[in-house]
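Chains, contacts and geometry: an overview
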Amino acid sequence: MKICVVGSGYVGLVTGCCFAEIGNHVVCADLDEKKIAGLKSTPVILPIYEPGLQEMAQRNAAQHRLTFSADPSASVKEVDVVFVAVGTPSRSDGGAHLGFVDDVAKMVAENITKETVLVLKSTVPVGTNKRVRNIVKDSKHKVHVVSNPEFLKEGEAVGDFMRPDRIVVGVSDNKHARDIMHRLYHPVCLQTDKIVWMNPESAEMTKYVANTMLAMRISFMNEVAGLCERVGADVHSVRHGVGSDQRIGSKFLYSGPGYGGSCFPKDVSALVHTGREHDLEIELAVATDRVNQRQKGILVRKLRKHLGDLRGHKIAVWGLAFKPKTDDIRESPAINLIDSVLADGGHVSAHDPIAGENATKLYKGQIDIMDDQYEAASGAEALVLVTEWRPYQSPDFERLKSVMAKPLIIDGRNIWSTYFLKEMGFVYEGVGVIGN
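Structure report, in brief.

Parameters at a glance
- Residues numbered from 1 in each chain as written.
- Predicted model: local features only at pLDDT ≥ 70, side-chain atom pairs only at ≥ 80, totals over all residues.
- Heavy atoms only, no water.
- Buried < 20%, exposed > 50% of the residue type's maximum accessible area, 1.4 Å probe, protein only.
- Helix = DSSP H or I, 4+ residues; strand = E, 2+ residues; numbered from the N terminus.
- Arc of directions from axis to C-beta.
- Contact = heavy atoms within 4.5 Å.
- Core = buried A, V, L, I, M, F, W, Y, C linked by side-chain atoms within 4.5 Å.
- Phe/Tyr/Trp six-rings, centres within 6.5 Å; stacked < 30°, edge-to-face > 60°.
- 1 Å grid on protein atoms, 1.4 Å probe; cavity = no way out; pocket = protein on both sides within 12 Å on 5 of 7 lines; lining within 4 Å.
- Points joined across faces, edges and corners; volume = space filled by probe spheres on them.
- Pairing = 2+ DSSP bridges.
- Right-handed = clockwise from strand over helix to strand, strands pointing away.

This part is about helix α6 (residues 128-136). Of all the residues in α6, the buried ones are Thr128, Asn129, Val132 and Val136. Projected onto a plane normal to the axis of α6, the buried residues spread over an arc of 100 degrees and lie on a single side. For α6, the elements touching its buried residues are α5 (99-111), β5 (116-120), β6 (143-147), β7 (167-170) and α9 (200-231).

Now the structure itself:
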């Protein structure tokens with residue numbers, strides 16, 4: 001099948017590469033000529049980091065199943081399916097900006113040369129499918145609009161695509177569109193049909209509800225962690241006790257410095273905005289965001305508790321990405337921490353296995369970003385662990401103690417809480433844990 005994916009960011013590249021991997025001919029189109037030039041180079045230069053994606057893109061480009069274009073208008077001609085994977089950034093009121101989606105819909109309506117299925121892969125608010133159908137209704141060729149939100153976890157996106165939990169497809173009573181979508185996803189549904197069919201409005205709602213529910217669990221456990229610190233309980237033990245209940249499960253019950261990334265913050269705000277547009281306050285979603293905003297300050301509050309005024313203090317930060325296995329620093333708790341330390345007049349020395357380049361572009365010399373994690377900790381009066389990358393999970397603590405100016409550790413992910421660091425001479429503090 002011939003596919004065009006418009007938008008060569010995270011969602012677009014994963015979608016395009018994976019569809020090419022299962023035998024389709026895919027063109028990934030984007031107006032960013034610099035990005036497309038990198039994608040066309042040998043080897044392929046991806047604008048994102050995602051495990052396994054570089055190799056997949058290189059392999060399929062070499063076999064001519066995957067191509068790249070800076071001319072979306074030409075790329076949509078003669079294809080069977082167009083995926084919309086452009087950005088939908090948050091507006092100041094929390095709603096989603098749909099200008100890029102509208103532009104793609106207009107471009108498709110004006111340039112296709114045959115009956116086409118237009119698939120909304122971008123995260124969009126309820127009513128967008130109907131909005132797009134209205135834009136394309138006067139096209140010379142029939143355009144079938146389908147809602148197919150992505151559920152890709154950064155760092156595990158290739159596996160999520162190839163072995164999905166579910167594939168949500170929102171389509172009106174339209175046999176052609178259903179047949180095309182079933183054919184597209186059949187190779188990843190050989191053992192069990194993972195497609196969940198529903199109307200477009202339900203598909204659009206499903207995306208926001210899923211992410212908000214996961215974010216809600218994180219915020220709730222962060223509040224529980226705060227209470228644990230006050231009453232002498234250990235959040236690890238509470239998590240195990242609660243998560244053992246099959247009705248609850250153990251996922252997304254980890255306390256820490258709050259959630260980040262490009263999805264949870266934006267989608268929670270968008271669900272709240274959608275509710276308010278329909279005169280309904282989604283109070284749990286509002287509280288989820290409020291708790292998360294407060295939680296993002298917990299690491300700097302713990303630093304001030306031990307060091308007082310941070311002016312002149314050197315703080316080491318391990319981990320800049322919002323989660324492991326990605327270079328994405330958007331809404332990362334590390335950014336909030338660094339900004340707070342800098343605002344207090346402190347100095348930051350940081351390390352991240354992958355995201356250092358993005359942080360360098362963001363801070364432009366305001367902080368030191370080191371290639372070695374122990375070099376980042378050298379001379380520091382505190383080490384704050386923000387992202388639980390594997391190289392940080394079992395470090396050489398004797399070496400760490402020898403290079404630090406003061407043996408203060410703030411463990412934002414509680415991965416060292418059972419390492420008896422206090423007996424080794426460290427001052428240790430996690431988030432809701434007893435410490436040993």
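Attention now moves to the nonpolar core. Leu303, Trp318, Leu320, Leu337, Leu400, Ile409 and Trp416 are the most contacted members of the largest nonpolar core, which has 53 residues in total. Not counting the four nearest positions on each side in its chain, Leu337 is found in contact with Leu299, Val300, Leu303, Val317, Val384 and Val386.

Attention now goes to the packing of aromatic side chains. Scanning all chains against the criterion turns up twelve aromatic pairs. Measuring from centroid to centroid gives 5.3 Å for Phe397 and Trp416, while their planes differ by 90 degrees, and the two rings are edge-to-face. In this pair, Phe397 is assigned in helix α17 (residues 397-403) and Trp416 in the loop between β13 (408-411) and β14 (427-429), connecting sequence segments 19 residues apart. For the pair shown, Phe397 and Trp416 are each scored as buried. Look at Phe397 and Tyr419: their rings are 5.9 Å apart centre to centre, the planes differ by 85 degrees, and that puts the pair in the edge-to-face class.

Our focus in this paragraph is empty space enclosed by the protein. Per the stated rule, a full pass over the model turns up two cavities of 30 Å³ or more. Roughly 50 Å³ of internal volume is contained in the largest cavity. What lines the largest cavity is simply Leu120, Ser122, Thr123, Val124, Ser147, Pro149, Ala203, Glu204 and Lys207. At three residues, the largest contribution of residues to the lining of the largest cavity is made by α9. The computed volume of the second largest cavity comes to approximately 40 Å³.

Two faces make up the sheet, and in a regular strand the side chains alternate between them. Here strand β10 (residues 347-351) lies mainly inside the structure; four of its five residues are buried. Where strand β9 (residues 314-318) and β10 come together, five bridges link them in parallel fashion. When the sheet's bridge partners are listed, Val317 is paired in β10 with Ala350. Once you follow β9 into helix α14 (residues 333-343) and on to β10, the crossover reads as right-handed. Pairing between β10 and strand β11 (residues 368-369): two bridges, direction parallel. What sits directly across from Ala350, in β11, is Ile369. With respect to chirality, the unit in which β10 leads through helix α15 (residues 356-363) into the neighbouring parallel β11 is right-handed.

Our focus in this paragraph is the layout of surface pockets. What the second largest pocket holds in volume is close to 250 Å³. Taken together, 14 residues line the second largest pocket, and the ones lying closest to its centre are Asn222, Gly226, Arg294, Gln295 and Ile298. Of the residues forming the lining of the second largest pocket, the biggest block, seven residues, is contributed by α9.

A word on α14. Listing the buried residues of α14 in full gives Pro333, Ala334, Ile335, Leu337, Ile338, Ser340 and Val341. Next to the buried residues of α14 lie α13 (298-307), β9, β10, α15 and β12 (382-385). Taken from the residues just after α14, Gly345 is the one with a positive phi, measuring 90 degrees.

Bringing unusual backbone geometry into the picture now. Among all residues except glycine, the phi angle is most often negative; among peptide bonds, the trans geometry is most common. The omega torsion across Thr42 and Pro43 is 0 degrees, close enough to zero to call that bond cis. Here Phe420, not a glycine, exhibits a phi torsion of approximately 55 degrees, which is positive. Within the secondary structure, Phe420 is located in the loop between β13 and β14. Among the residues examined, Phe420 registers a relative accessible area of 48% and is labelled partly exposed.

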